[in-house]
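Spelled out from the first residue to the last, the chains are:
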Amino acid sequence: MGNFDAFYEMASTGKTLEQVLAENALLCRQLAKLQARASALIQQRSCELEQLGNAVEFLNSRLKEREATIVFLQAKLQEFRKMSACNAQAD
């Protein structure tokens, strides 16, 4: 049925077979260019996503390190406060 539709369109527009084939070739070249551009964009976005993923991992590890440091420093502060309170009571 598809071939019949193409021939019907060709006959109804008054285009010759050569014109239709030339138009088809042009459209195929345009499609190939668009597909190549789409592939390049997909590759670029894939690289960007990988870089962003690496950045997230790095920042997450830094955040965990800082959180651990905060917990450690809070514990030390609590120790110093206890020591200070004991020293104040001893005086």
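Small disclaimer: the values here were computed from a predicted structure and weren't measured.

Enquirer: Help me understand the overall build of the chain in this model?
Expert: Along its length, the chain carries 2 helices and 0 strands. In the structure as shown, the chain presents an accessible area of about 8,400 Å², 62% of it carried by carbon and sulfur atoms. Averaging the positions of the 11 positive and the 11 negative side-chain charges in the chain gives two centres separated by 8 Å.

Enquirer: I'm lost on the pattern of salt bridges in this one. Help?
Expert: A side chain with one charge can pair with a side chain of the opposite charge if their charged atoms come near. Under the defined criterion, the tally for this structure stands at 4 salt bridges. Lys15 is the partner of Glu23 in a salt bridge, and the nearest nitrogen-oxygen pair spans 2.6 Å. Classification of Lys15 by relative accessible area gives partly exposed; the value is 32%. The salt bridge partner of Lys76 is Glu79, with a shortest N-O separation of 3.9 Å. Here the residue Lys76 and the residue Glu79 both occupy positions in helix H2 (residues 17–90), the gap between them amounting to 3 residues, near one helical turn. What makes Lys76 partly exposed here is its relative accessible area of 31%.

Conventions and cut-offs
Residues numbered from 1 in each chain as written. Predicted model: local features only at pLDDT ≥ 70, side-chain atom pairs only at ≥ 80, totals over all residues. Heavy atoms only, no water. Helix = DSSP H or I, 4+ residues; strand = E, 2+ residues; numbered from the N terminus. Areas by Shrake-Rupley, 256 points an atom, 1.4 Å probe, with all protein chains shown as cover. Lys, Arg positive; Asp, Glu negative; His and termini not counted. Charge placed at Lys NZ, Arg CZ, Asp CG, Glu CD. Salt bridge = Lys/Arg side-chain N within 4 Å of Asp/Glu carboxyl O. Buried < 20%, exposed > 50% of the residue type's maximum accessible area, 1.4 Å probe, protein only.

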